[in-house]
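Letter by letter, the chains look like this.
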Amino acid sequence: MRGLYCDGSSGRIEPDTREFLRLIPAELRNPCLHLLTPYGRIKNTVHPAAERTSGRLLFREKELQAMTREEHYMREAIKQAKKAAALKEVPIGCVIVYEDKIIARGYNRRNTDKNTLSHAELNAIRKASKKLGDWRLEGCTLYVTLEPCQMCAGAIVQARVSEVVIGCMNPKAGCAGSILNLLEMAQFNHQVKVTRNVLQEECSEMLKDFFRQLRVWKKEEKERKKALLSEHTEA
């Protein structure tokens, strides 16, 4: 299928186009649907992912499909992780999706909140439960930039989250397949579907960059304290 067309003269949407639009995640689909009137006609607007050719709109299939559903939502989780980095927290971000919509976001705030429980996943789970009015998050997919620890993995199972999508794995502390796999243990009464290594390189590099910068910050802080001590001794 090279492209999906709409007749610019009649404004009618071809059946194959309608079917394709249904396959696009809601948050990617909405910008396309603003082109349609309630009667299925095209307004005089060309979506950025389309081009006008010979009186028709050609939806560039490759552009719309280049970003998969998992990558799209993982990028939203990465945005949350960057909020943590801005606070000098380890950049871990999380979003929870229900019925193709993000219902909760969270990022690591452990040092900021002085709270062991303030991990990205737990912050997002708390908000999602409030949004849905239920502690059970069945039908929800949790996207997180780093493999969950034992605490977060346990909370995910307890919350009955249906699926987890992970950016990069954590060989030293991960409990979704690295050290343990709490999410898929047959002994529990709930197992979580797991997808790993979505935008793995981007998520991993974000963490590496942070820890490189953290070493610089620590060195600068050590030198600052040393200078202050020297000044105090001389006085």
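Not measured: the values here are computed from a predicted model.

Peer 1: Explanation requested: the overall build of the protein in the structure shown.
Peer 2: The helix and strand tally for the protein stands at eight helices and eight strands. A total of 235 residues make up the protein; the buried ones form 41% of that total. Taking as baseline every contact in the protein between residues at least 6 positions apart, the subset at least 24 positions apart corresponds to 55%. Surface summary for the protein: the accessible area is close to 13,800 Å², and the carbon and sulfur share equals 51%.

Peer 1: Where do I start with helix α7 (residues 150-158) in this structure?
Peer 2: What sets the pattern is the α-helix's 3.6 residues per turn: residues three or four places apart point alike. Within α7, the full set of buried residues consists of Cys152, Ala153, Ile156 and Val157. The buried residues of α7 all sit within an arc of 140° when viewed along its axis, so they share a single face. On its buried side, α7 packs onto α6 (120-132), β6 (140-146) and β7 (163-168). Immediately downstream of α7, the backbone of arginine 160 shows phi near 60°, a positive value.

Peer 1: I'm lost on the packing of aromatic side chains in this one. Help?
Peer 2: The description of an aromatic ring pair uses the distance of the two centres, along with the angle that the planes make with each other. If you walk through the whole model with that rule in mind, you get three aromatic pairs. Ring centres 5.3 Å apart and planes at 75° place the aromatic pair phenylalanine 210 and phenylalanine 211 in the edge-to-face group. You can call phenylalanine 210 buried: its relative accessible area is 6%. Given the relative accessible area of 34%, phenylalanine 211 is considered partly exposed. Ring geometry for phenylalanine 210 versus tryptophan 217: centroids 6.2 Å apart, planes at 75°, classification edge-to-face. Looking at tryptophan 217, the relative accessible area reads 24%, which means it is partly exposed. Linked through ring pairs, Phe210, Phe211 and Trp217 together constitute an aromatic cluster. Directly above the aromatic system of tryptophan 217 lies the positively charged group of lysine 88, at a separation of 4.6 Å from the ring centroid.

Peer 1: Where do I start with the pairing of β7 in this structure?
Peer 2: Each regular strand carries side chains that alternate between the two faces of the sheet. Of all six residues making up β7, six are buried, and the element is well covered by its neighbours. In this region the chain leaves β6, passes through α7 and returns to the parallel neighbour β7; the handedness of that crossover is right-handed. Sheet topology note: the β7/strand β8 (residues 193-195) ladder contains three bridges and is parallel. Looking at β8, one finds that valine 164 is bridged to valine 194.

Peer 1: I tried to follow unusual backbone geometry on my own but got confused; where do I start?
Peer 2: Among all residues except glycine, the phi angle is most often negative; among peptide bonds, the trans geometry is most common. For lysine 88, which is not glycine, the phi dihedral falls at a positive 65°. The residue lysine 88 is located in the loop between α4 (69-86) and β4 (93-98) in this model.

Peer 1: What is the right way to read the sheet that holds β8 from this model?
Peer 2: The strands making up a sheet associate through backbone hydrogen bonding, with each pair oriented either parallel or antiparallel. With mixed pairing, five strands are arranged side by side in an open sheet as β5-β4-β6-β7-β8. Both edges of this open sheet fall to β5 (101-107) and β8, since each of them pairs with a single strand only. Pairs of neighbouring strands in the sheet enclose a mean axial angle of 20°, with direction left out of account. Strands β4, β5 and β6 of the sheet are contacted by α6, whose axis makes an angle of about 145° with β5.

Peer 1: Honestly, the pattern of salt bridges in this entry has me stumped. Any pointers?
Peer 2: Where charged atoms of side chains with opposite charge meet at close range, the side chains can pair. Enumeration over the complete set of coordinates arrives at 10 salt bridges. Aspartate 113 serves as the salt-bridge partner of arginine 109, at 2.9 Å between the closest nitrogen and oxygen. The class of aspartate 113 is partly exposed, set by a relative accessible area of 34%. Residue arginine 224 is joined to glutamate 221 by a salt bridge in which the shortest nitrogen-to-oxygen separation is 2.6 Å. Remark: glutamate 221 and arginine 224 occur in helix α8 (residues 200-234); sequence separation between them is three residues, near one turn of the helix. Because the salt bridges share partners, they merge into one network encompassing Glu76, Lys79 and Arg105.

Peer 1: Please clarify how the side chain of glutamate 76 should be interpreted in this entry.
Peer 2: Residue placement: glutamate 76 occurs in helix α4. Those residues within four positions of glutamate 76 in sequence are excluded, and the remaining contacts are Val95, Ile102 and Arg105.

Peer 1: It is not clear to me how α6 should be interpreted in this structure. Could you clarify?
Peer 2: When the terminal C-alpha atoms of α6 are compared, their 18 Å separation across 13 residues agrees well with the 18 Å that a helix rising 1.5 Å per residue should span. Contacts made by the buried residues of α6 are with β4, β5, β6 and α7. Positive phi shows up at glycine 133, right after α6, with a value of about 70°.

Conventions we followed
Residues numbered from 1 in each chain as written. Predicted model: local features only at pLDDT ≥ 70, side-chain atom pairs only at ≥ 80, totals over all residues. Heavy atoms only, no water. Helix = DSSP H or I, 4+ residues; strand = E, 2+ residues; numbered from the N terminus. Buried < 20%, exposed > 50% of the residue type's maximum accessible area, 1.4 Å probe, protein only. Contact = heavy atoms within 4.5 Å. Areas by Shrake-Rupley, 256 points an atom, 1.4 Å probe, with all protein chains shown as cover. Arc of directions from axis to C-beta. Phe/Tyr/Trp six-rings, centres within 6.5 Å; stacked < 30°, edge-to-face > 60°. Lys NZ or Arg CZ within 6 Å of the ring centre and 35° of its normal. Right-handed = clockwise from strand over helix to strand, strands pointing away. Pairing = 2+ DSSP bridges. Axes fitted to C-alpha atoms, helices over the stretch in contact; angles between N-to-C directions. Salt bridge = Lys/Arg side-chain N within 4 Å of Asp/Glu carboxyl O. Expected span 1.5 Å × (residues − 1).

Geometry only, nothing functional implied.
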